[in-house]
Amino acid sequence: MLIRKKLFEEIGGFDEDYFIFLEETDLGWRCWLAGYEVFFCPKSTVYHHFSATKNIVDKDFNNYLARFHGSKNYIMTLYKNLSWRYLLKILPIHIFLWFCLSFYLILTGNFTSSSNICKGVLWNLTNFAKNKAKRKDIQKNRLSTDTNIFGNLALLKNIGVNYYINRWFLS
């Protein structure tokens, strides 16, 4: 990921409440909202000399990191960046889906994963005031519409399914 220092500072840099997962998505989304372009380079390759995370499907992956921070950050990203129009349509569905996953994990006996997801979702309620202030700052500086941003995301479908199969399932 490359970003100009001036832009990084203008949009507030990385949100410190993201420890892991979706921090770059949030940053890119805020760039779009501020009226800047974000480019996706599907053929680029990144080499990690050191890694703080592992493949999520790895059975030894730290459950707390994946489930808690994944659900917490996913909901926080939607809440901060969507307009009211789309927030009211999209966020309840995603919260429902997180709770469905949590319920499924209970049924399969994976109580720790279920608990971590619930903690991640509920973190957003206990930190509502702080997230509301972040949302207010982001939304008051909004120069791009969700419709425009979703249109940019639709361009990704031109990449083709083989890209995703090769990157995620065959690597």
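For clarity, every value in this text was computed on a predicted model and none was experimentally measured.

### Side note on the overall build of the chain
And step 1. Along the chain, the regular secondary structure elements total 8 helices and 0 strands.
And step 2. Taken from N to C terminus, the helices and strands of the chain fall in the order α-α-α-α-α-α-α-α.
And step 3. By the burial criterion, 35% of the 171 residues in the chain qualify as buried.
And step 4. When contacts within the chain are restricted to residue pairs at least 6 apart in sequence, long-range pairs at least 24 apart make up 71% of them.
And step 5. Just so you have it, the chain exposes about 11,900 Å², and 63% of that area is on carbon and sulfur atoms.

### Section: a nonpolar patch on the surface
And step 1. A cluster of nonpolar residues, Phe103, Ile106, Leu107 and Phe111, forms a patch on the protein surface that exposes about 440 Å² of accessible area.
And step 2. Ranked by residue count, the leading element in the nonpolar patch is helix 4 (residues 84-107), at 3 residues.

### Quick notes on helix 3 (residues 63-81)
And step 1. Between its first and last C-alpha, helix 3 extends 27 Å over 19 residues, near the 27 Å set by a 1.5 Å rise per residue.
And step 2. Most of helix 3 sits inside the fold, with 15 of its 19 residues counted as buried.

### What to know about the pattern of salt bridges
And step 1. Applying the stated rule across the entire model yields 9 salt bridges.
And step 2. Across the pair Asp15 and Lys134 runs a salt bridge whose closest N-O atoms are separated by 2.9 Å. Of this pair, Asp15 sits in the loop between helix 1 (5-10) and helix 2 (23-33) while Lys134 is found in helix 6 (residues 128-140), placing the two residues 119 residues apart along the sequence. Here Asp15 and Lys134 have matching classes, each one buried.
And step 3. Lys130 is the salt-bridge partner of Asp17, the closest N and O atoms lying 3.1 Å from each other. Taken together, the residues Asp17 in the loop between helix 1 and helix 2 and Lys130 in helix 6 connect sequence positions 113 residues apart.
And step 4. The class of Lys130 is partly exposed, set by a relative accessible area of 37%.
And step 5. Members of the salt-bridge network, linked through shared partners, are Asp15, Asp17, Asp26, Arg30, Lys80, Lys130 and Lys134.

### Structural notes on the nonpolar core
One recurring pattern in soluble globular proteins is that nonpolar side chains are buried together.
And step 1. Trp29, Leu82 and Leu91 are the most contacted members of the largest nonpolar core, which totals 16 residues.
And step 2. Of all hydrophobic cores here, the second largest spans 5 residues; its members include Leu7, Ile11, Cys31 and Ala34.

### Overview of the packing of aromatic side chains
The geometry of an aromatic ring pair comes down to the distance between the two centres and the angle between the two planes.
And step 1. Throughout the structure, instances matching the rule amount to 3 aromatic pairs.
And step 2. Taken together, a centroid distance of 5.4 Å and an interplanar angle of 70° make the contact between Phe8 and Phe14 edge-to-face.
And step 3. For Phe14, a relative accessible area of 39% translates into the label partly exposed.
And step 4. Plain terms: the ring middles of Tyr79 and Phe128 are 5.7 Å apart, the flat faces sit at 45° to each other, and that makes the pair tilted. Here Phe128 lies in helix 6 and Tyr79 lies in helix 3, a separation of 49 residues in the sequence.
And step 5. The class of Phe128 is partly exposed, set by a relative accessible area of 40%.
And step 6. The ring of Tyr79 has Arg135 lying over it, and the distance from NZ or CZ to the ring centre is 5.5 Å.

Calculation criteria
Residues numbered from 1 in each chain as written. Predicted model: local features only at pLDDT ≥ 70, side-chain atom pairs only at ≥ 80, totals over all residues. Heavy atoms only, no water. Helix = DSSP H or I, 4+ residues; strand = E, 2+ residues; numbered from the N terminus. Buried < 20%, exposed > 50% of the residue type's maximum accessible area, 1.4 Å probe, protein only. Contact = heavy atoms within 4.5 Å. Areas by Shrake-Rupley, 256 points an atom, 1.4 Å probe, with all protein chains shown as cover. Patch = residues over 30% accessible without salt bridge, like charges linked within 9 Å, V, L, I, M, F, W, Y side chains within 5 Å. Salt bridge = Lys/Arg side-chain N within 4 Å of Asp/Glu carboxyl O. Expected span 1.5 Å × (residues − 1). Core = buried A, V, L, I, M, F, W, Y, C linked by side-chain atoms within 4.5 Å. Phe/Tyr/Trp six-rings, centres within 6.5 Å; stacked < 30°, edge-to-face > 60°. Lys NZ or Arg CZ within 6 Å of the ring centre and 35° of its normal.

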